[in-house]
Amino acid sequence: MANTTEVETTAPNNRRQTFTVLFCVAVLGTFLWFWGEQIAEVIEMLELAYGDGS
Amino acid sequence: MDLYPFFDWLDTSLLADISKAYGGVFAVVQMFHLLGMSLLGGMVLVGDLRLLNLVMKDIPSEVVIDNTYKWFNVGLATMVVSGIFMSSAVSLKLYYNEMFWAKMTALAVGVTFVYFVRKPLLSTPHDALRPSVIKLTAITSMAIWFTIAASGRWIGFS
């Protein structure tokens, strides 16, 4: 009986945790791409303004 | 869905008339926007740093998280209301600003994350959750609100 209750309470928990991990990975991946693009653009502008140092 | 008609309406609304004509009113509303931002940012940091086990280790994380939600809501509501007023002054400029849309998208993700992912997850006893999931949730939360704040500041320079 105790084991059944444990299964019933942890199953939704596991689903929720899996969903959270997927959501977090998707958001962090998108942010990495977004900020990478922004930083690349800034570096490109700095190179245009000051040259690449060579 | 094109939101241009809304921004066009906002540009000629009573809000826009007030925000454009009275610099003092705009400044006071902006002060509330910053106050809401500091309140919201403070609650996010306190909650997430507790989840990462970096602050207030002697207080159960459930207690810390429960206490931050109320003031998080106050901060968010203050920011949204003051933000609509402030955007009315430059609504058409904002419509064509890429960073404004980045901020709004991040804000939508942030609100979805708080009310439909973080809150339901953390409403269960934290002992029943995997520590790695709790830490990932905290890091993602801080990343989302950092992006909203940073892209918001970037609007003024883009």
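Residues numbered from 1 in each chain as written. Chains lettered and ligands numbered in written order. Predicted model: local features only at pLDDT ≥ 70, side-chain atom pairs only at ≥ 80, totals over all residues.

Asks: What am I meant to see in the overall build of chain B here?
Replies: A count of helical and extended segments in chain B gives seven helices and zero strands. Taken from the N to the C terminus, the helices and strands of chain B come in the order α-α-α-α-α-α-α. Viewed in the frame of its principal axes, chain B has a C-alpha envelope of about 55 × 35 × 25 Å. Sorting the 158 residues of chain B into buried and exposed places 30% on the buried side. Partitioning the intrachain contacts of chain B with sequence separation of at least 6 by distance along the chain shows that 80% fall at a separation of at least 24. (Helix = DSSP H or I, 4+ residues; strand = E, 2+ residues; numbered from the N terminus. Buried ≥ 20, exposed ≤ 12 C-beta atoms within 10 Å, placed from the backbone. Contact = placed C-beta atoms within 7 Å.)

Asks: What is the right way to look at the interface of chain A and chain B in this model?
Replies: Accessible area lost on assembly of the parts is the figure often given for the size of an interface. Contact residues are listed per partner, giving eleven residues for chain A and 17 residues for chain B. Of the residues that constitute the side of chain A that touches chain B, the class distribution is seven nonpolar, three polar and one charged. (Nonpolar A, V, L, I, M, F, W, Y, C, P; charged D, E, K, R; others polar.)

Asks: I keep staring at the confidence of the model for chain A and nothing clicks. Help me out?
Replies: Keep in mind that low pLDDT regions are not for reading the predicted coordinates in detail. Averaged over every residue, the pLDDT of chain A is 83; the share at 70 or more is 78%. A low-confidence stretch, residues 1–8 of chain A (pLDDT under 50), is modelled with zero contacts involving residues beyond four sequence positions or located in other chains. (pLDDT = per-residue confidence, 0-100.)

Asks: Looking at this structure, I do not really get the environment of T105 of chain B. What am I missing?
Replies: Residue and element names in this part refer to chain B. Position of T105 relative to the elements: it lies in helix α6 (residues 98–122). Judged by the 15 C-beta atoms lying within 10 Å of it, T105 falls in the partly exposed class. A C-alpha to C-alpha distance of 8.6 Å links T105 and I148, two positions 43 residues apart in sequence.

Asks: Before we go on, may I ask you to explain unusual backbone geometry in this structure?
Replies: If a residue is not glycine, its phi is most likely negative; likewise, a peptide bond is most likely trans. Residue and element names in this part refer to chain B. One non-glycine residue, N53, lies in positive phi territory at about 65°. Assignment of secondary structure puts N53 in the loop between α3 (23–51) and α4 (61–88). In this structure, M56 takes a positive phi of about 45° despite not being glycine. Residue M56 is classed as partly exposed on the basis of its 14 C-beta neighbours within 10 Å.

Asks: Would you mind going over α4 of chain B with me for this structure?
Replies: Given 3.6 residues per helical turn, the α-helix brings residues three or four places apart onto the same face. Residue and element names in this part refer to chain B. Between its first and last C-alpha atoms α4 spans 40 Å; for 28 residues at 1.5 Å apiece the expected length is 40 Å, and the two agree. The axis of α4 is deflected most strongly, by about 30°, at Y69. Among the residues of α4, S61, I65, T68, F72, G75, M79, S82, G83, S87 and S88 are the ones counted as buried. Where α4 is buried, its residues meet α1 (4–11), α2 (14–21), α3, α5 (91–95) and α6. (Expected span 1.5 Å × (residues − 1). Bend = angle between axes of the 7 residues up to and from the residue.)

Asks: Got a minute to help me understand the environment of D127 of chain B in this structure?
Replies: Residues and elements named next belong to chain B. Turning to its location among the elements, D127 is positioned in the loop between α6 and α7 (131–155). Assessed through the 9 C-beta atoms surrounding it within 10 Å, D127 is described here as exposed. Taking the C-alpha atoms as reference points, D127 and S61, 66 residues apart in sequence, are found 9.9 Å from one another.

Asks: Where do I start with α6 of chain B in this structure?
Replies: Residues and elements named next belong to chain B. The terminal C-alpha atoms of α6 lie 34 Å apart, and with 25 residues this matches the ideal 36 Å at 1.5 Å per residue to within 8%. Taken as a whole, α6 carries its principal kink of about 40° at F113. Looking only at α6, the buried set comprises F100, A102, K103, A106, L107, V109, G110, F113, V117, R118 and L122.

Asks: Quick question: what am I supposed to make of the packing of α3 of chain B against α7 of chain B here?
Replies: Helix-helix packing is characterised by the crossing angle of the two axes and by the distance between the axes. Residue and element names in this part refer to chain B. Following both chains from N to C, one finds α3 and α7 inclined at 160°, their axes separated by 8 Å at the closest point. As summarised for this structure, α3 and α7 are arranged roughly antiparallel, according to the angle between their axes. For the crossing formed where α3 meets α7, the hand is left-handed. Between α3, through M37, G41, V44, D48 and L51, and α7, the contact on the second element is made entirely by I134, K135, T137, A138, S141, M142, W145 and A149. Residue classes in the contact of α3 with α7 are distributed as eight nonpolar, three polar and two charged. (Axes fitted to C-alpha atoms, helices over the stretch in contact; angles between N-to-C directions. Parallel < 35°, antiparallel > 145°, perpendicular 65-115°, else oblique. Left-handed = near helix turned anticlockwise from the far one by under 90°.)

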